[in-house]
Amino acid sequence: MESKLTKSPMRLPKKFNIGLIGFLVILGWFIIAFMIIPNLEILKTVFFSDSGFSSETIGKIFNSDRAMRGIKNSFLLAFTLTITTSVVGILEVLFLDYFKIKGKWFLTLCYMIPLIFGGIMLANGYLFTYGSRGFVTKFLVELFPNLPVDWFSGYGAVLFLMTFACTTNYMIFFRNSFKSIDYQTIEAAKGLGASNFTVLIKVVLPALKPILLTCIILLFQTGLMAMSAPLMVGGQEFETISPLILTFTERPTSRALAAVLSLFLGLFQLVLLFVIQRNEKKGNYLSVSKVKTRIQPMKINSKIWNAFAHVLAYVFALINLLPLVVVALFSFTNFQTISTRNLTLSSFSLQNYVQILTDSSAYRPFVTSVVYSAIAAIVAVVLMTIAARIVFKYRNRSTELLELLLHIPWVLPGLMFALGLVLSYSKPKWIIFNQPLTGTLVIMLVAYIVVMLPNTFRFLKASYFSVDQNLEDAAKNLGAKPIYSFVKIVLPIILPTVLAMLAINFNGKLGDYDLSVFLYNPAAKPVGVVIRSNSNPEAGIEGIAVNFVYSVLLMIINALVFFFVYADGKERIASLFKRKKEIKQ
């Protein structure tokens with residue numbers, strides 16, 4: 001729809017709008033101060049020293065065995081993750097929508113778990129389930145006394161954890177595309193004598209090539225920039241780039257090395273974006289159904305393969321389900337049970353929840369994350385609602401430049417941007433009114449807002465295309481002012497997208513660790529950083545118990561957001577009450 005619209009030649013407001021100019025000045029200052037200067041500071045740190053241009057820092061990276069090992073490990077993880085996750089993700093979609101597998105409602109719920117139980121929470125759940133003090137490890141050691149207690153660590157553990165944690169793209173994007181395939185094409189192939197396997201390989205997967213390539217590229221990017229999993233279960237023998245950047249950033253004398261590594265990630269991010277754009281320009285190969293004929297699940301004729309498919313489907317489900325169940329169950333147990341892992345009926349109590357809800361030091365990190373996420377989500381949505389309106393209404397080179405600048409956080413990785421903020425504003429600078437930002441309460445909020453901007457802008461700009469311009473013109477002809485027309489006509493139409501972006505942004509940063517760990521103030525630790533600290537052995541049983549409660553509370557919030565935003569929760573609840581009312585009548 002967007003491509004059909006023609007650009008009007010340099011449409012500008014007929015008269016100066018003080019409010020509009022003021023907003024653009026503030027937005028321009030924000031972009032220069034927090035999106036351009038930090039990234040330029042990275043380049044300056046890498047290529048310039050006190051004596052001028054220098055490549056000495058880059059040379060140090062190539063001469064560092066630890067850094068080169070981290071780069072090698074990151075590429076190894078990225079390459080293998082694309083293979084393992086693609087296999088698991090595609091099989092999960094096939095088990096749900098292509099093959100007749102019993103218990104699909106259960107499988108669907110289990111396969112959706114990474115959507116609400118991910119990031120640092122999931123890594124913590126795997127650590128307690130499979131780690132050296134884990135629930136499963138204790139069980140396995142009793143069966144196999146010679147099994148090392150640290151068996152779940154290193155490259156294999158990171159790959160296993162991330163394989164099942166990163167299937168979300170397949171469950172959302174790949175599955176949606178899969179459902180749009182023209183089923184008549186599949187029936188035609190079967191009518192010509194093709195087997196289920198042949199139809200899958202020759203018809204279904206080629207039709208999904210664009211979305212499949214996009215998922216693979218995003219997976220490669222995720223593996224390359226992985227932070228939580230390598231940090232928590234990778235151990236010393238499997239260190240990747242992102243934890244190395246964090247380590248170097250914590251040492252002021254090594255921040256130049258961190259800058260080189262983050263620049264390396266940024267350059268590779270640009271390469272990946274170039275590949276994605278080339279992939280998109282090749283066109284849409286998807287054979288979208290023109291009729292309302294949904295794909296019909298097929299029965300696997302071979303009894304052996306049918307049994308194998310059922311076993312594999314439920315193994316995948318249990319792998320997703322086990323860490324969540326363990327975390328939820330042990331969050332209701334006392335310290336002794338958590339310590340011994342001996343779960344009995346008498347073990348259950350509300351002790352951990354009472355502690356979190358009554359002890360200010362325990363619930364403060366949770367409140368901190370809620371406040372930061374809420375403020376950042378509101379500011380990002382308000383800014384982008386106005387910016388998208390300006391870009392949509394006034395189409396000219398200036399708005400094209402504004403749109404391009406708002407996509408900077410999409411192009412460069414978050415770690416590079418976070419390090420750039422630290423390097424740029426550790427000392428007072430005129431552009432931020434001679435106030436140092438590094439170590440303050442503000443810098444993490446700024447970072448949250450910046451990384452939210454590109455996605456928020458994209459979705460809100462798209463929502464403006466659903467507004468009928470004739471309605472605005474009619475209001476204008478009746479004498480309505482622009483602000484009145486926007487509030488009464490435009491805003492109600494785009495409100496669902498506005499609310500959805502508020503929810504998604506809030507949800508996305510509630511348990512954040514990767515960005516927060518670079519920028520948080522010790523006086524206001526976010527919950528993601530606290531969960532990571534509590535997962536260390538020195539934190540003791542109390543730390544583990546607190547992590548369980550944090551994880552359960554975060555899961556509940558994520559599930560509610562997912563239910564209302566993605567699963568039409570509001571409509572389902574209204575429909576439920578309507579049916580009950582009809583039954584009573």
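Per an unreviewed UniProt entry, the protein chain goes by the name Iron ABC transporter permease and belongs to Paenibacillus lutimineralis. Check the Sequence similarities (unreviewed entry) section of the UniProt entry for the protein chain; it says "Belongs to the binding-protein-dependent transport system permease family."

K.L.:
Where do I start with the overall build of the protein chain in this structure?
P.N.:
Counting its regular elements, the protein chain contains 29 helices and two strands. In terms of overall size, the protein chain behaves like a compact globule, its C-alpha atoms giving a radius of gyration of 26 Å where 585 residues would be expected to give roughly 25 Å. In terms of overall dimensions, the protein chain has C-alpha extents of about 80 × 70 × 55 Å along its principal axes. Restricting to contacts in the protein chain with at least 6 residues of sequence separation, those with at least 24 account for 78%. Carbon together with sulfur atoms contributes 65% to the accessible area of the protein chain, which is approximately 30,000 Å² in total. Computing the positive centroid from 53 side-chain charges and the negative centroid from 28, the protein chain places the two 8 Å apart.

K.L.:
What am I meant to see in the pattern of salt bridges here?
P.N.:
When charged atoms on two side chains of opposite charge get close, those side chains can pair. Evaluated as defined, the whole model comprises six salt bridges. With a shortest N-O distance of 2.7 Å, aspartate 97 and arginine 175 are connected by a salt bridge. With aspartate 97 in helix 3 (residues 65–97) and arginine 175 in helix 9 (residues 168–179), the pair connects residues that are 78 residues apart, well separated along the chain. Here aspartate 97 and arginine 175 have matching classes, each one buried. Residue lysine 138 is joined to glutamate 142 by a salt bridge in which the shortest nitrogen-to-oxygen separation is 3.0 Å. Of this pair, lysine 138 and glutamate 142 are both found in helix 7 (residues 135–143), four residues apart, which corresponds to roughly one turn of the helix. Residue classification places lysine 138 among the partly exposed positions, given a relative accessible area of 29%.

K.L.:
I would appreciate a short explanation of the nonpolar core in the present structure.
P.N.:
Soluble globular proteins tend to bury their nonpolar side chains together. Within the largest apolar cluster, 178 residues are counted, with the highest numbers of intra-cluster contacts made by Phe34 and Leu519. Looking at this core, the element that brings in the most residues is helix 19 (residues 360–393), giving 14 residues. Of the domains in this structure, domain 1 (28–35 + 347–570) and domain 2 (64–331) are the two that each give at least three residues to this core. Sequence-distant contacts of phenylalanine 34, defined by excluding residues within four places in its chain, comprise Trp29, Phe417, Leu421, Tyr425, Ile432, Leu437, Val446 and Val450.

K.L.:
Just checking my understanding: could you explain a nonpolar patch on the surface for this structure?
P.N.:
On the surface, a cluster of nonpolar side chains totalling about 700 Å² of accessible area is made up of Val325, Leu329, Phe332, Leu343, Leu345, Phe348, Leu350 and Val354. Residue classification places leucine 329 among the partly exposed residues on the basis of a relative accessible area of 34%.

K.L.:
What should I look at first to understand unusual backbone geometry in this one?
P.N.:
Phi is positive for phenylalanine 433, close to 65°, though the residue is something other than glycine. Structurally, the position occupied by phenylalanine 433 is in the loop between helix 22 (414–424) and helix 23 (442–464). For asparagine 434, which is not glycine, the phi torsion reads 55° and is therefore positive. Mapping asparagine 434 onto the fold places it in the loop between helix 22 and helix 23.

K.L.:
I tried to follow the environment of isoleucine 172 on my own but got confused; where do I start?
P.N.:
With respect to the secondary-structure elements, isoleucine 172 resides in helix 9. Looking at isoleucine 172, the relative accessible area reads 25%, which means it is partly exposed. Residues isoleucine 172 and phenylalanine 366, 194 residues apart in the sequence, show an inter-C-alpha distance of 28 Å.

K.L.:
Explain the packing of aromatic side chains here, please?
P.N.:
For any two aromatic rings, the description comes down to two numbers: the centre-to-centre distance and the angle of the planes. Considering all chains together, one arrives at 31 aromatic pairs under this definition. Ring geometry for tyrosine 130 versus phenylalanine 152: centroids 5.1 Å apart, planes at 35°, classification tilted. Within this pair, whereas tyrosine 130 is found in helix 6 (residues 119–130), its partner phenylalanine 152 is found in the loop between helix 7 and helix 8 (155–165), the two being separated by 22 residues in sequence. Summarising the burial analysis for this pair, tyrosine 130 and phenylalanine 152 share the class buried. Ring plane angle 85° and centroid distance 6.0 Å describe the contact between tyrosine 130 and phenylalanine 160, whose orientation is recorded as edge-to-face. Residue tyrosine 130 is located in helix 6, and its partner phenylalanine 160 is located in helix 8; the two are separated by 30 residues in the primary sequence. Counting every residue linked through ring pairs, the aromatic cluster contains Phe95, Tyr126, Tyr130, Trp151, Phe152, Phe160, Phe164 and Phe316. Of note, arginine 395 hangs over the ring of phenylalanine 392, and the distance from its end group to the ring centre comes to 5.2 Å. We note lysine 509 situated over the ring of tyrosine 448; from NZ or CZ to the ring centre the distance is 6.0 Å.

K.L.:
Help me understand the environment of phenylalanine 264 in this model?
P.N.:
Mapped onto the elements, phenylalanine 264 comes out in helix 15 (residues 255–281). Sequence separation of phenylalanine 264 and isoleucine 241 is 23 residues, and the distance between their C-alpha atoms is 9.6 Å. Contacts of phenylalanine 264, omitting those with residues within four sequence positions, involve Ile71, Phe75 and Ile241.

The rules behind the values
- Residues numbered from 1 in each chain as written.
- Predicted model: local features only at pLDDT ≥ 70, side-chain atom pairs only at ≥ 80, totals over all residues.
- Heavy atoms only, no water.
- UniProt positions renumbered as here; feature names shortened; annotations may be inferred.
- Helix = DSSP H or I, 4+ residues; strand = E, 2+ residues; numbered from the N terminus.
- Rg over C-alpha atoms; globule rule 2.2 N^0.38 Å.
- Contact = heavy atoms within 4.5 Å.
- Areas by Shrake-Rupley, 256 points an atom, 1.4 Å probe, with all protein chains shown as cover.
- Lys, Arg positive; Asp, Glu negative; His and termini not counted.
- Charge placed at Lys NZ, Arg CZ, Asp CG, Glu CD.
- Salt bridge = Lys/Arg side-chain N within 4 Å of Asp/Glu carboxyl O.
- Buried < 20%, exposed > 50% of the residue type's maximum accessible area, 1.4 Å probe, protein only.
- Core = buried A, V, L, I, M, F, W, Y, C linked by side-chain atoms within 4.5 Å.
- Domains from an automatic or database assignment.
- Patch = residues over 30% accessible without salt bridge, like charges linked within 9 Å, V, L, I, M, F, W, Y side chains within 5 Å.
- Phe/Tyr/Trp six-rings, centres within 6.5 Å; stacked < 30°, edge-to-face > 60°.
- Lys NZ or Arg CZ within 6 Å of the ring centre and 35° of its normal.

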